[in-house]
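Chain residues, written in single-letter form:
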Amino acid sequence: MTALPRRGVIALIPDDCTSCLICVQECPTWCISLDSHTEQVAEPGARRPRTVSVLDRFTIDFGLCMYCGICVDVCPFDALAWAPDVDYSAASRPGLVQDTGTLASWRIDD
Ligand code: SF4
Ligand code: SF4
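Residues numbered from 1 in each chain as written. Chains lettered and ligands numbered in written order. Predicted model: local features only at pLDDT ≥ 70, side-chain atom pairs only at ≥ 80, totals over all residues.

### Section: the site of ligand 1
In the region of ligand 1, 14 residues are neighbours, and Cys27, Cys65, Cys68, Ile70 and Cys71 sit closest. A breakdown of the residues in the shell around ligand 1 according to their chemical character gives 12 nonpolar, 2 polar and no charged. (Near = placed C-beta within 6 Å. Nonpolar A, V, L, I, M, F, W, Y, C, P; charged D, E, K, R; others polar.)

Written as structure tokens, this is what we have:
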């Protein structure tokens, strides 16, 4: 039997995030924010290009996060996941805001 990772921090899989904003809206402490833009993608055989959202920046303020896991549960694309505890202490509150690169680096493979 494979041991499940214990709860720790929230990791992001940026390629799986569609910028749908569901996690932002459902987070009870409003500690998630993201920026995105739209692009037109031409697909073979399609009459019109498809509009897709592209993630520019995703942050979680761990000074506000209460580790409830709602964001992980509501993400329809499994772009958020629990990751093992890591050292993300900071000398000031702004230092507790972790951005895309750090959140992605916390990802663990199943
Ligand atoms: S664990 Fe809870 S408080 Fe923390 S970012 Fe996710 S929804 Fe927000
Ligand atoms: S719910 Fe998931 S896909 Fe939607 S913005 Fe949040 S992380 Fe990205």
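After that view of the structure, there is still more to cover.
### As for the site of ligand 2
Around ligand 2, the neighbouring residues are Cys17, Thr18, Ser19, Cys20, Leu21, Ile22, Cys23, Leu34, Cys75, Phe77, Ala79 and Leu80. The residue makeup of the shell around ligand 2, split by class, is 10 nonpolar, 2 polar and no charged.

### Here's the deal with the nonpolar core
Core analysis: the largest hydrophobic core is formed by 14 residues, its most contacted members being Ile10, Leu12, Cys23, Cys71, Leu80 and Leu103. Broken down by element, this core gets its largest block of residues, 3 residues, from strand S1 (residues 9–12). If we ignore the near neighbours within four places in the chain, the residues touching Leu80 are Ile10, Leu12, Cys23, Cys71, Val72 and Cys75. (Core = buried A, V, L, I, M, F, W, Y, C linked by C-beta atoms within 7 Å. Buried ≥ 20, exposed ≤ 12 C-beta atoms within 10 Å, placed from the backbone. Helix = DSSP H or I, 4+ residues; strand = E, 2+ residues; numbered from the N terminus. Contact = placed C-beta atoms within 7 Å.)

### What to know about unusual backbone geometry
With phi around 75 degrees, Leu21 is a residue other than glycine that occupies positive phi space. Note that Leu21 resides in the loop between S1 and helix H1 (22–26). You will see that Tyr67, though not glycine, has its phi angle at about 60 degrees, which is positive. Structurally, the position occupied by Tyr67 is in the loop between strand S3 (50–61) and helix H2 (70–74).

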